Amino acid sequence: MGILDVKDVNKRFGGLKALSDVNLSVSENTVHAIIGPNGAGKSTLLNCLVGKLIPDTGSVMFDGQSVLGRKPYEINQMGISRVFQTPEIFGDLTVMENMMIPLFAKRDGVFRLHAIESVSSERGLREQAERMLDDVNMLDKRNMHSASMSRGDKRRLEMAMCLVQEPRLLLLDEPTAGMARADTNNTIDLLKEIKTKRDITMCIIEHDMHVVFSLADRITVLAQGTPLVEDVPENIKGHPKVQEAYLGE
Ligand code: ADP
Ligand code: MG
């Protein structure tokens, strides 16, 4: 049994079967990549893990508890955090102010935007945020306005915002999409660092094979809503079924 167990999940959008009998088990403290052509159902699967979508049938268990029927913030409090395809940070706020949001959300269980006003009184949380920023080498940028940062730094901040909640499972949906090579490499290094420094499991959806093969311990290939193959990276490279799935891309 893994820290995350998906069993027989099906999800339709009208006449379209986005997920068909998906089974997936992610072992604790590993990086598990989900790859597959556009429209394979990768984001749909991720949305089912975080409560944004509810599967038509099947089960999703995290650490022995079902996530189905729980609200996204409840799933977040269970220890699952998600990094979005485009960074979801507040451009008008400083780096530090952004960092306080997930800390308040975790403490209070709701997204309290007005919490920003009481940041100065929250010393413990502030120190926690600073330690995290130091960990991702962004402490010197703590008073910067987030909108003015590079895409790579925005991604780094978003990652820090997830990690400061101390999730046990981090879900990443194409974390390097649209990035220049240098920012992609920075993100790979950051994720490698996170992997070695922390007890954390990561499930990463990624198009860029360089990123996948740099990070993944195991890879699941999804095509037309169904897992085709699951194996270690060495066996995925050049796998005939994988090449077949990507033809037509
Ligand atoms: P991927 O992330 O692998 O590119 P998605 O999970 O986004 O694929 O999409 C899988 C399929 O489901 C696609 O055919 C997509 O058009 C369809 N789909 C995704 N979300 C919705 C939705 N909310 N309503 C209708 N169809 C959707
Ligand atoms: Mg997607």
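What counts and what doesn't
Residues numbered from 1 in each chain as written. Chains lettered and ligands numbered in written order. Predicted model: local features only at pLDDT ≥ 70, side-chain atom pairs only at ≥ 80, totals over all residues. Core = buried A, V, L, I, M, F, W, Y, C linked by C-beta atoms within 7 Å. Buried ≥ 20, exposed ≤ 12 C-beta atoms within 10 Å, placed from the backbone. Contact = placed C-beta atoms within 7 Å. Helix = DSSP H or I, 4+ residues; strand = E, 2+ residues; numbered from the N terminus. Expected span 1.5 Å × (residues − 1). Pairing = 2+ DSSP bridges. Right-handed = clockwise from strand over helix to strand, strands pointing away.

- As annotated in an unreviewed UniProt entry, the protein chain is ABC transporter domain-containing protein from Salipiger mucosus DSM 16094.

## Side note on the nonpolar core
Working step 1: Ranked by size, the top nonpolar core spans 62 residues in total, and within it Met99, Ala160 and Leu171 carry the most contacts.
Working step 2: If sequence neighbours within four positions are ignored, Met99 has contacts with Ala129, Met132, Leu133, Ala160, Met161 and Val164.

## Observations concerning unusual backbone geometry
Working step 1: A positive phi angle, close to 50°, is found at Asp8, a residue other than glycine.
Working step 2: Summarising the element assignment, Asp8 is placed in strand β1 (residues 4-13).

## Here's the deal with helix α5 (residues 151-163)
Working step 1: For α5, built from 13 residues, the straight-helix expectation of 18 Å at 1.5 Å per residue is met to within 8% by its first-to-last C-alpha distance of 18 Å.
Working step 2: A large share of α5 lies buried, amounting to 11 of its 13 residues.
Working step 3: Looking only at α5, the buried set comprises Asp153, Lys154, Arg155, Arg156, Leu157, Glu158, Met159, Ala160, Met161, Cys162 and Leu163.

## A word on the pairing of strand β7 (residues 169-173)
Working step 1: Within β7, 5 of the 5 residues are buried, which leaves it mostly tucked inside the rest of the structure.
Working step 2: Of the two faces of β7, the one carrying Leu169, Leu171 and Asp173 and the one carrying Leu170 and Leu172 are both buried.
Working step 3: Strand direction decides the pairing type here: strand β6 (residues 80-83) and β7, joined by 4 bridges, are parallel. If you follow Ser81 over to β7, its bridge partner there is Leu170.
Working step 4: You can see the chain leave β7, run along helix α6 (residues 181-197) and come back into strand β8 (residues 201-205), and the turn it takes is right-handed.

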